[in-house]
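Listed below, chain by chain, are the residues.
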There are 2 protein chains.
Amino acid sequence: MGYRENPRPGGRSARVQAAVHQSVRNMLATMDRADVTIPLIAQRANVTPSTIYRRWGDLQELLADVAAARLQQEGEPATIGSARQDLEAWVEQYADEMASGVGRQMLRDILAAADSANAEKCGTYTRYQLGVFIARAEKCGEPFPTLEELMDHVISPIIYRILFDCLPETGYVPGLIAKVMPKGLPGA
Amino acid sequence: MGYRENPRPGGRSARVQAAVHQSVRNMLATMDRADVTIPLIAQRANVTPSTIYRRWGDLQELLADVAAARLQQEGEPATIGSARQDLEAWVEQYADEMASGVGRQMLRDILAAADSANAEKCGTYTRYQLGVFIARAEKCGEPFPTLEELMDHVISPIIYRILFDCLPETGYVPGLIAKVMPKGLPGA
DNA sequence: TCACTAACGCAAATTATTTGCTTTTATGCA
DNA sequence: TGCATAAAAGCAAATAATTTGCGTTAGTGA
């Protein structure tokens, strides 16, 4: 993205960004992805194409930016039962969202961009979410996997399968989690 | 890719494909990726741009095709020591190649393409390679992880880290392998 | 060798991207 | 509040990429 992060004199950036993002989301939801072009996005967002080109560079960067923004809006994890139960529910939902058509496409958009900043953001955000569970487990004295274990052995396999098209069967997520849980106390 | 797989009357496809692939590889090796365009590739391969457009559709598909072809040229695994030792050596090399600049870019090219056929191929090929080790271990009665375990807990974490930019430190690969090795006999 | 047809080349038409210049507008300061 | 400032947006011309229709070429099978 070519422009500065925080608004300065003359910055109408926030308004324009919102309009463009919205326009992209609408178009991705309603039409074939191959027909989503910058001139069309611009027209629907009531801006000029050159504004988009100067700000985002190309379509891939823009799509990556929109996708990353969406991922960050996923809800905070719920607090229903034990940290393990809540983790299981959260990961299950995470896997479903990522494996869905739009989720998959978001992942690909993020990875396709030349700038890897959004990919990093994506991983950072996931780690943050998992950190919430870990902190809660620690507070309760509940045995729990480390962040690295969760990233390497729960999140990674899920994402790999989604990206490389070997979709996980049902019951896959609980199996992964059971595998990284520290031994000592049984079941949920 | 728009054309048929096996040559039919009128097909000069093999020659053209070789020239185009070569041209792409040369360009990726020598110039900035942003300057790699279809008209330029066509010129260096001595074909018309429309030939490339009709055959591959767009630049992303072409890059994905070239990347997938490269991945398949990785050498057969060596037979030096035990299946575990050889697996370790192979995975270490696999991780290095994928984490390198070109390897990373190949992965992204493959995932960026609208058509996921190349992504599937990529996974299939990795599984095939791992299958070689498994078969050898089985023949020798050496305890060994299953294919699923290797994909989920060795390959997936490596690829995830490469794609999402949290690069593995040295000693990472042996740790992953140790983790999936069946218990019962120690070390290598 | 010949007929057949998939794949290629060519060029015109369309569409996307880049760029120089002008205009707008949020901000900080007087 | 109003003015000076500069970042971001608009506009339009120039350039570059993509699509497409149609004629040509060259493997293949009979």
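Residues numbered from 1 in each chain as written. Chains lettered and ligands numbered in written order. Predicted model: local features only at pLDDT ≥ 70, side-chain atom pairs only at ≥ 80, totals over all residues. Heavy atoms only, no water.

**Q** Would you mind going over the relation of the copies chain B and chain A in detail, with residue names and values included?
**A** The two copies are related by a screw motion: chain B maps onto chain A through a turn of 180° and a shift of 0.0 Å along the axis, at an RMSD of 0.1 Å. Viewed as a symmetry operation, the transformation between the two copies matches a two-fold axis. Rotation axis and chain B: the residue whose C-alpha lies nearest the axis is A112(B), separated from it by 2.3 Å. (Least-squares fit on C-alpha atoms with pLDDT ≥ 70 in both.)

**Q** Before we move on, could you go through the packing of aromatic side chains and cite the residues and values that matter?
**A** Each aromatic ring pair is described using two quantities: the centre-to-centre distance and the angle formed by the ring planes. Residues and elements named next belong to chain A. Inspection of every chain in the model, using the stated rule, returns eight aromatic pairs over all chains. For the ring pair W90 and Y94, a centre distance of 5.2 Å and an interplane angle of 20° mean the geometry is stacked. Taken together, the positions of W90 and Y94, both in helix α5 (residues 83-99) and four residues apart, correspond to about one turn of that helix. Using a relative accessible area of 10% as the deciding quantity, one classes W90 as buried. Grouped by ring-pair contacts, the aromatic residues W90, Y94 and F133 constitute a single cluster. (Phe/Tyr/Trp six-rings, centres within 6.5 Å; stacked < 30°, edge-to-face > 60°. Helix = DSSP H or I, 4+ residues; strand = E, 2+ residues; numbered from the N terminus. Buried < 20%, exposed > 50% of the residue type's maximum accessible area, 1.4 Å probe, protein only.)

**Q** An account of helix α6 (residues 101-112) of chain B is needed here, citing residue identities and associated values.
**A** Its 12 residues give α6(B) an end-to-end C-alpha distance of 16 Å, which sits within 8% of 16 Å, the value for a rise of 1.5 Å per residue. Taken together, the buried positions of α6(B) are occupied by G103(B), R104(B), M106(B), L107(B), R108(B), D109(B), I110(B), L111(B) and A112(B). (Expected span 1.5 Å × (residues − 1).)

**Q** Which residues make up the interface of chain B and chain A, and what values go with them?
**A** Across the boundary between the two partners, chain B contributes 31 residues, which contact 31 residues of chain A. Taken together, the two surfaces of chain B and chain A that pack against each other cover about 2,600 Å², and 56% of this comes from carbon and sulfur. Looking at the side of chain B facing chain A, the largest losses of area belong to L111(B), Y160(B) and F164(B), adding up to 25% of the total buried there. Our count for the chain B to chain A interface comes out at six salt bridges. E148(A) is the salt-bridge partner of R161(B), the closest N and O atoms lying 2.7 Å from each other. Run the count over chain B and chain A and you get 11 residue pairs in polar contact (both at pLDDT 80 or more). (Contact = heavy atoms within 4.5 Å. Buried area = accessible area lost by both parts, 1.4 Å probe. Salt bridge = Lys/Arg side-chain N within 4 Å of Asp/Glu carboxyl O. Polar contact = N/O pair within 3.5 Å; in protein donor to acceptor, adjacent residues only side chain to side chain.)

**Q** Quick rundown of helix α3 (residues 49-56) of chain B? Include the residues and the values.
**A** Residues and elements named next belong to chain B. Listing the buried residues of α3 in full gives I52, R55 and W56. Viewed end-on, α3 has its buried residues packed into an arc of 75°, placing them on one side of the element. Looking at the buried side of α3, the elements it contacts are α1 (13-30), α2 (38-45) and α4 (59-71). (Arc of directions from axis to C-beta.)

**Q** Report on the environment of E92(A), specifying residues and quantitative values.
**A** Residues and elements named next belong to chain A. Position of E92 relative to the elements: it lies in helix α5. Residue E92 is classed as partly exposed on the basis of its relative accessible area, which comes to 31%. Setting aside anything within four residues of it in sequence, one finds E92 in contact with V173 and P174.

**Q** I'd like to hear about the domain arrangement of chain A, residue by residue, with values.
**A** Here chain A is described as being made up of domain 1 (13-57) and domain 2 (71-180). Once you take the C-alpha centre of each, domain 1 of chain A and domain 2 of chain A turn out to be 29 Å apart. (Domains from an automatic or database assignment.)

**Q** So, the layout of surface pockets: which residues are in play, and what are the values?
**A** Its volume calculated, the largest pocket comes out at about 1,200 Å³. Those elements that provide at least two residues to the lining of the largest pocket are α4 (59-71) and α6 (101-112) of chain A together with α4 and α6 of chain B. Examining the composition of the lining of the largest pocket, we find that six residues originate from one element, α6(B), more than from any other. Split by residue class, the lining of the largest pocket holds 17 nonpolar, five polar and 11 charged. (1 Å grid on protein atoms, 1.4 Å probe; cavity = no way out; pocket = protein on both sides within 12 Å on 5 of 7 lines; lining within 4 Å. Points joined across faces, edges and corners; volume = space filled by probe spheres on them. Nonpolar A, V, L, I, M, F, W, Y, C, P; charged D, E, K, R; others polar.)

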